[in-house]
Amino acid sequence: RHNAGYMVLARLAGDLLCGSPKRKFRGEVLEARIAGRNVMFLCPTTYMNNSGLSVVEAFRFYKLALSDILVVSDDVDLPVGRIRFRDSGGSGGQKGVRDIINRLGSERFSRLRVGVGRPPEGVDTADYVLSEFRSDEKAEIENSIQRAAQAVLCWVEFGADETGNRFNGGSRSGGGH
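All of these numbers come straight from a predicted model, not from anything done at the bench.

Asker: For this particular structure, what's the right way to read the side chain of Glu 137?
Answerer: Residue position: Glu 137 is located in the loop between α4 (125-129) and α5 (138-158). Every residue in contact with Glu 137, bar those within four places of it in the chain, is listed here: Arg 1, Val 80 and Tyr 128.

Structure follows, in structure tokens:
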């Protein structure tokens, strides 16, 4: 569950035939061209609570604007099968996103959250997010990973407003996509 963001980037890397990742910026980096733009996928290899170290290194190296960043992460407050895009905002309790906000000094970057569901009664949230998806959740998580990958492509090509319009529908199908 905790690797939902990585799962989205792995899907994109496979779909775009990005090759093997390079070790840079305290993470694994893949580069691609999407809609005529150079895009870098960065999977931090720090502890999740220190994800901002990796993001800030790449941010500074490439002299990026905050609007150039899209963070893809898991979200326990969304049911399995749902995704949610926002062009800015708080961490939603996600410690990796909180660290990125703290280290960038801003909440003004896009984020795409992939629902992994709430832990069952009596199960610690930290233990839950480190667990595997149940067999009855596999089809839903695969579908949401595919939709999240499509949302990333939309964000690159059309921007935050269009991505929010297309992928923040109330249904699990992500607004028809």
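Having seen the structure, we can now continue with the description.
Asker: Mind showing me how you'd approach the sheet that holds strand β5 (residues 83-86) here?
Answerer: Two pairing modes exist for strands in a sheet, parallel and antiparallel, and in both the strands are linked by backbone hydrogen bonds. Spatial strand order, β4-β6-β5: three strands in an open sheet with mixed pairing. Across the chains shown, the open sheet's two edge strands, defined by having one partner strand only, are β4 (70-75) and β5. Neighbour to neighbour, the strand axes of the sheet diverge by 20 degrees on average, direction disregarded. For β5 and strand β6 (residues 110-115), the ladder comprises four bridges, and the chain directions are antiparallel. Counted as the bridge partner of Ile 83 is Val 114 from β6. Relative to the sheet, helix α1 (residues 4-16) contacts β4 and β6, its axis offset from that of β4 by approximately 130 degrees.

Asker: What is the right way to look at the state of the cysteines in this model?
Answerer: Within this structure, the stated rule accounts for zero disulfides. Cys 18 supplies the cysteine sulfur nearest to Cys 43, a cysteine that is in no disulfide, at a spacing of 11 Å. Classification of Cys 43 by relative accessible area gives buried; the value is 13%. Between Cys 154, a free cysteine, and Cys 18, which holds the nearest cysteine sulfur, the sulfur-to-sulfur gap is 18 Å.

Asker: Before we go on, may I ask you to explain the pattern of salt bridges in this structure?
Answerer: It is possible for side chains bearing opposite charge to pair when their charged atoms get close. Applying the stated criterion across every chain, the model contains nine salt bridges. The salt bridge involving Arg 23 is made with Glu 28; its shortest N-O contact spans 3.9 Å. On the accessibility criterion, Arg 23 (60% relative accessible area) is exposed.

Asker: Honestly, the sheet that holds strand β2 (residues 27-34) in this entry has me stumped. Any pointers?
Answerer: In space, the three strands of this open sheet follow the order β1-β2-β3, with antiparallel pairing throughout. Since the sheet does not close on itself, it has two edges, and those belong to β1 (22-24) and β3 (37-44), each with one partner. Ignoring strand direction, the axes of neighbouring strands in this sheet form an average angle of 45 degrees. Here α1 sits on the sheet in contact with β2 and β3, set at roughly 140 degrees to β3. Against the sheet, helix α2 (residues 51-61) engages β2 and β3, with an angle of about 155 degrees to β3.

Asker: Sorry if this is basic, but what is going on with unusual backbone geometry here?
Answerer: Note: most peptide bonds trans; most residues except glycine with negative phi. Positive phi outside glycine occurs at Leu 17, with the angle close to 50 degrees. With respect to the helices and strands, the residue Leu 17 is situated in the loop between α1 and β1. With a phi close to 50 degrees, Ala 35 is a non-glycine residue in the positive phi region. Considering the arrangement of structural elements, one finds Ala 35 in the loop between β2 and β3.

Asker: Got a minute to help me understand the packing of aromatic side chains in this structure?
Answerer: The relation between two aromatic rings is expressed through the spacing of the ring centres and the mutual angle of the planes. In the structure shown here, the tally under the stated rule is three aromatic pairs. Note on Phe 25 and Phe 61: the rings are 5.4 Å apart at their centroids and 55 degrees apart in plane angle, and the pair reads as tilted. Here Phe 25 is found in the loop between β1 and β2, whereas its partner Phe 61 is found in helix α2, with 36 residues between them in sequence. Judged by relative accessible area, Phe 61 falls into the exposed class, the value being 51%.

Parameters at a glance
- Residues numbered from 1 in each chain as written.
- Predicted model: local features only at pLDDT ≥ 70, side-chain atom pairs only at ≥ 80, totals over all residues.
- Heavy atoms only, no water.
- Helix = DSSP H or I, 4+ residues; strand = E, 2+ residues; numbered from the N terminus.
- Contact = heavy atoms within 4.5 Å.
- Pairing = 2+ DSSP bridges.
- Axes fitted to C-alpha atoms, helices over the stretch in contact; angles between N-to-C directions.
- Disulfide = S-S within 2.5 Å.
- Buried < 20%, exposed > 50% of the residue type's maximum accessible area, 1.4 Å probe, protein only.
- Salt bridge = Lys/Arg side-chain N within 4 Å of Asp/Glu carboxyl O.
- Phe/Tyr/Trp six-rings, centres within 6.5 Å; stacked < 30°, edge-to-face > 60°.

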